[in-house]
Amino acid sequence: MPARLRWSTTYFNSYYMLAVHAEAIGSLLRPAELLVAQHQFAVKAIDQEQLKAIEDRAVNDAIGLQEKVGLEIVSDGEMRRQSFQSQMTAAVSGFGEHDLDAFLWGDWYDESGVFKKARPEQLGVVSILERRRYLSVDEFVYLKAKTRCTPKITLPSAGLWANFWSSGYSTGAYPTLDSFLADVVQILRDEVAELDRLGAGYIQIDAPHYGLLLDPKTRLFYERQGWSFDQWLSLGIELDNAVMAGFPRVTFGLHV
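Because the structure is a prediction, the values reported are computed rather than measured.

Draft legend 1. Molecular detail of the overall build of the protein chain. Broken down by element type, the protein chain carries nine helices and 11 strands. A compact globule built from 256 residues should have a C-alpha radius of gyration of about 18 Å, and the protein chain, at 20 Å, falls within 12% of that. Each of the three principal axes of the protein chain carries a C-alpha extent, and together these read 65 × 50 × 45 Å. With 256 residues in all, the protein chain has 41% of them scored as buried. Contacts in the protein chain between residues at least 24 apart in sequence constitute 70% of all its contacts with a sequence separation of at least 6. A total accessible area of about 14,100 Å² is found for the protein chain, and carbon and sulfur atoms account for 55% of it.

Draft legend 2. Structural context of the packing of helix α1 (residues 32-42) against helix α2 (residues 48-68). At a minimum axis separation of 10 Å, α1 and α2 run at an interaxial angle of 160°. If you check the angle between α1 and α2, you find them roughly antiparallel. For α1 against α2, the interelement crossing comes out left-handed. Every residue of α2 that contacts α1 at Glu 33, Leu 34, Ala 37, Gln 38 and Phe 41 is listed here: Gln 48, Leu 51, Ile 54, Glu 55, Arg 57 and Ala 58. By residue class, the composition of the contact of α1 with α2 is six nonpolar, two polar and three charged.

Draft legend 3. Seen up close, the sheet that holds strand β10 (residues 202-206). Across the sheet, which stays open at both edges, the three strands sit in the order β9-β10-β11 with parallel pairing between neighbours. Strand pairing shows two members of the sheet lacking a second neighbour, β9 (153-156) and β11 (251-255), which therefore form its edges. Averaged over all adjacent pairs, the angle separating strand axes in this sheet is 30°, with direction ignored. Pairing between β9 and β10: four bridges, direction parallel. Looking at the pairing, Pro 156 lines up with Asp 206 of β10.

Draft legend 4. A look at the nonpolar core. Core analysis: the largest hydrophobic core is formed by 45 residues, its most contacted members being Met 88, Leu 129, Trp 161, Phe 180 and Val 184. In terms of residues, this core owes the most to one element, helix α6 (residues 177-197), which gives nine residues. The residues contacting Trp 161, other than those within four sequence positions of it, are Gln 85, Met 88, Thr 89, Phe 95, Phe 103, Pro 156, Phe 180, Leu 181 and Val 184.

Draft legend 5. Spatial organisation of the side chain of Ser 75. Checked against the element boundaries, Ser 75 lands in the loop between β3 (73-74) and α3 (86-91). A polar atom in the side chain of Ser 75 sits 3.1 Å from the backbone nitrogen of Gly 77. Among all residues touching Ser 75, those that are not within four sequence positions of it are Ile 63, Gln 66, Leu 143 and Lys 152.

What counts, and at which threshold
Residues numbered from 1 in each chain as written. Predicted model: local features only at pLDDT ≥ 70, side-chain atom pairs only at ≥ 80, totals over all residues. Heavy atoms only, no water. Helix = DSSP H or I, 4+ residues; strand = E, 2+ residues; numbered from the N terminus. Rg over C-alpha atoms; globule rule 2.2 N^0.38 Å. Buried < 20%, exposed > 50% of the residue type's maximum accessible area, 1.4 Å probe, protein only. Contact = heavy atoms within 4.5 Å. Areas by Shrake-Rupley, 256 points an atom, 1.4 Å probe, with all protein chains shown as cover. Axes fitted to C-alpha atoms, helices over the stretch in contact; angles between N-to-C directions. Parallel < 35°, antiparallel > 145°, perpendicular 65-115°, else oblique. Left-handed = near helix turned anticlockwise from the far one by under 90°. Nonpolar A, V, L, I, M, F, W, Y, C, P; charged D, E, K, R; others polar. Pairing = 2+ DSSP bridges. Core = buried A, V, L, I, M, F, W, Y, C linked by side-chain atoms within 4.5 Å. Polar contact = N/O pair within 3.5 Å; in protein donor to acceptor, adjacent residues only side chain to side chain.

See the structure below:
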């Protein structure tokens, strides 16, 4: 389980004591029952209500695991998501046809070495984004009701969505990458505002693309979208700051 560590020492009884802050940063592994149910739902073998009951059990177990090991901040394990980013495309229209590979393309590593997953060729936003529902409010409301610990919800960084802008498919709706990401920022700000209203005091912004910019091949993709490396750092940070600005009651974490 990934953890953030905050080190401090207190001299007590001739010993140094270590205070450690730890929390789950990413998704927890989906249980087998949930993986089966997600497939059954995709082929219409079960309905939304049946899927939700199984999701609820998986979330309850994820909360219980985190509480059992003593974490003071808990997430729902992102059990209801196809990917850590996918609540955006599930809640907002305009992203066009896509599957899980839209989020998972690139070079991956396992015990046998490197395997490559190609970016879908026709991936790209195709119409003006329109929010049909909130991205993660339902997740937060359920989580908050099930734990006495601090509930944490996660949202994707605005800059990640450059992946869904294409000069070949998107310019009819968004002539520039900047205009597209401006709408993404507004949708995310609306989400934070609603979460804040409901009492969400801790929100994590997932921004792994900052680290991916260190890989020359991945950086080349991002630079082909129209921004230089320096712009991705400076303007990307501006986008994240725009999402977080004006919510003094919320503590934001940044997952890089």
